[in-house]
Amino acid sequence: MPSVHKISVRNARFQQWQALLTNRTKRNQLGQFLVQGVRPITLAVEHGWPILTLLRSANGKRSGWADQVLRRVDAEVVDVAPELLAELGDREEENAPELIAVADLPADELDRILPLHDGLVVAFDRPGSPGNVGTLIRSADAFGAHGVIVTGHAADPYDPRAVRASTGSLFGIPVVRAPSHREVLAWLDKLRSHGTETRVVGTDEAGTVEIDAYDFTGPTLLVVGNETRGMSAAWRESCDAVVRIPIGGAASSLNAAVAASVTLYEAARQRRVKPSA
């Protein structure tokens, strides 16, 4: 195991990690983000995600899980005072986490997403809530999407709240941030030039086709709009179709991440029952 360092005061290094909790600019500058929680850390390790530092509680009490992670990961280890580790874990001191990982921030390159001939990719347009971003990533992973693209001025998928909400799925599928729809459409054009004729399908409560009437079995980029404003005009104009979820009761609409989850389930259902060629 690498040599162990110790931090018991709010020194410059601690303040750097603390900034990763809330400061997107600092995350981008340092190329790092924090991973909190047993399942996210476990999945990061299982998927071979680059982990730079493991912060462990200086109280010396560790579970079998924590010891296993420390054995498996070749990273710097830092013993952190429990009260400081609790701050980094967004917890009370008596419930300080055993471990927090400082992970490498991946490049925002759309070519990290490798859709197959029937690939399904999700674009979340300008989401405002880190929790919704994480929930959508979790659903995309669960229902077989090949990747998630977060476009525009949006909540950061590497915000600790988004990482926690993804319950580790962030490490299971590629997640890429794109400045706007333009970069995504250019990427789609490149895929099309190589024979992957991907259709762009938007989701909106005023869509013209109900989701169970639309054929999701081909290559699809599913566009989910902002929680309050929906898709941008540019994304809407780029869509080959706009689908809706039929709902009843007193609800006027569904939460964006919930709507995306329902649509992803329908796409996965269709792909399961699609007759073999």
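Residues numbered from 1 in each chain as written. Predicted model: local features only at pLDDT ≥ 70, side-chain atom pairs only at ≥ 80, totals over all residues. Heavy atoms only, no water.

Peer 1: Please clarify how the overall build of the protein chain should be interpreted in this entry.
Peer 2: The number of helices and strands found in the protein chain is 10 helices and 12 strands. The globule rule puts the C-alpha radius of gyration for 277 residues at 19 Å, and the 20 Å found for the protein chain is close to it. When the backbone C-alpha atoms are referred to their principal axes, the protein chain occupies close to 60 × 40 × 35 Å. Each of the 277 residues in the protein chain was classed as buried or not, and the buried ones make up 51%. Counting only contacts in the protein chain whose residues sit at least 6 apart along the sequence, the fraction spanning at least 24 positions is 75%. Summed over its atoms, the accessible surface of the protein chain is roughly 12900 Å², and 49% of this surface lies on carbon and sulfur atoms. On the protein chain, the mean spot of the 30 positive side-chain charges and the mean spot of the 33 negative ones are 2 Å from each other. (Helix = DSSP H or I, 4+ residues; strand = E, 2+ residues; numbered from the N terminus. Rg over C-alpha atoms; globule rule 2.2 N^0.38 Å. Buried < 20%, exposed > 50% of the residue type's maximum accessible area, 1.4 Å probe, protein only. Contact = heavy atoms within 4.5 Å. Areas by Shrake-Rupley, 256 points an atom, 1.4 Å probe, with all protein chains shown as cover. Lys, Arg positive; Asp, Glu negative; His and termini not counted. Charge placed at Lys NZ, Arg CZ, Asp CG, Glu CD.)

Peer 1: Help me understand the sheet that holds strand β9 (residues 199-203), please; the structure alone is not making it clear to me.
Peer 2: Sheet strands pair via backbone hydrogen bonds, and the direction of the pair is either parallel or antiparallel. Read across the open sheet, the 7 strands follow the order β8-β7-β6-β11-β9-β12-β10; overall the sheet is parallel. Every interior strand has two partners, whereas the edge strands, β8 (175-178) and β10 (209-210), have only one. As judged from the 5 bridges shared by strand β6 (residues 120-125) and strand β7 (residues 147-151), these two strands associate in the parallel manner. The residue bridging F124 from the neighbouring strand is V150, located in β7. Its contacts with the sheet put helix α8 (residues 181-193) on β6, β7, β8, β9 and β11 (220-224), and the angle it makes with β7 is roughly 145°. (Pairing = 2+ DSSP bridges. Axes fitted to C-alpha atoms, helices over the stretch in contact; angles between N-to-C directions.)

Peer 1: Would you take a moment to explain the layout of surface pockets for this structure?
Peer 2: Over the atoms rolls a probe the size of a water molecule, and its path tells where empty space is left. Here the largest pocket defines a volume of roughly 400 Å³. Along the walls of the largest pocket sit 24 residues, with D204, E205, S253, L254 and A259 positioned nearest its centre. Elements supplying a minimum of two residues to the lining of the largest pocket: β12 (241-244) and α10 (256-273). Looking at which element gives the most residues to the lining of the largest pocket, the answer is α10, with 3 residues. Across the lining of the largest pocket, the residue classes break down as 10 nonpolar, 9 polar and 5 charged. (1 Å grid on protein atoms, 1.4 Å probe; cavity = no way out; pocket = protein on both sides within 12 Å on 5 of 7 lines; lining within 4 Å. Points joined across faces, edges and corners; volume = space filled by probe spheres on them. Nonpolar A, V, L, I, M, F, W, Y, C, P; charged D, E, K, R; others polar.)

Peer 1: I'm lost on the nonpolar core in this one. Help?
Peer 2: Counting residues in each nonpolar core, the largest one holds 49 residues, and the members touching the most others are F33 and V148. Setting aside residues no more than four positions away along its own chain, F33 makes contact with L20, R27, W49, A101, V102, A103, D104, L105, Y158, V163, L170 and F171. Among the nonpolar cores identified, the runner-up in size contains 18 residues, and A123, A178, V223 and W235 belong to it. (Core = buried A, V, L, I, M, F, W, Y, C linked by side-chain atoms within 4.5 Å.)

Peer 1: I tried to follow the UniProt feature "domain: SpoU L30e-like N-terminal" (unreviewed entry) in the protein chain on my own but got confused; where do I start?
Peer 2: This chain's UniProt record puts "domain: SpoU L30e-like N-terminal" (unreviewed entry) on residues 11-101. Helix makes up 47% of residues 11-101 and strand 22%, whereas the separation of the span's terminal C-alpha atoms amounts to 18 Å. (UniProt positions renumbered as here; feature names shortened; annotations may be inferred.)

Peer 1: How should I be thinking about the confidence of the model for the protein chain in this particular structure?
Peer 2: Any residue range with low pLDDT should be treated as having predicted coordinates unsuitable for detailed reading. Taken over all residues, the pLDDT of the protein chain has a mean of 92, while the share at 70 or more is 95%. For the protein chain, the element scoring lowest by mean pLDDT is strand β1 (residues 4-7), at 81; β8 scores highest, at 98. (pLDDT = per-residue confidence, 0-100.)

Peer 1: So what exactly am I meant to see when it comes to the packing of aromatic side chains here?
Peer 2: The geometry of an aromatic ring pair is captured by the separation of the ring centres together with the interplanar angle, meaning the angle of the planes. A full pass over the atoms with the stated rule returns 6 aromatic pairs. Ring centres 6.3 Å apart and planes at 15° place the aromatic pair F33 and F171 in the stacked group. Here the residue F33 occupies a position in strand β2 (residues 32-36), and F171 occupies one in the loop between α7 (160-165) and β8, the gap between them amounting to 138 residues. Taken individually, F33 and F171 each receive the classification buried, so the pair is uniform in this respect. Ring pairing ties together the aromatic residues F33, W49, Y158 and F171, which thus form one cluster. (Phe/Tyr/Trp six-rings, centres within 6.5 Å; stacked < 30°, edge-to-face > 60°.)

Peer 1: What am I meant to see in the pairing of strand β4 (residues 76-80) here?
Peer 2: Regular strands have side chains that alternate between both faces of the sheet. In terms of burial, β4 is largely enclosed, as 4 of its 5 residues are buried. Judged from the 5 bridges that link them, strand β3 (residues 51-57) and β4 form a sheet pairing that is parallel. The residue bridging R56 from the neighbouring strand is D79, located in β4. Once the chain exits β3 it traverses helix α4 (residues 64-72) before rejoining the sheet at β4, and the crossover so formed is right-handed. (Right-handed = clockwise from strand over helix to strand, strands pointing away.)

Peer 1: Is there a simple way to explain the side chain of T220 in this structure?
Peer 2: Tracing the backbone through its elements, the reader meets T220 in strand β11. From its side chain, T220 meets the backbone oxygen of G218 in a polar contact 2.8 Å long. Setting aside residues no more than four positions away along its own chain, T220 makes contact with G119, L120, V121, T198, R199, V201 and R271. (Polar contact = N/O pair within 3.5 Å; in protein donor to acceptor, adjacent residues only side chain to side chain.)

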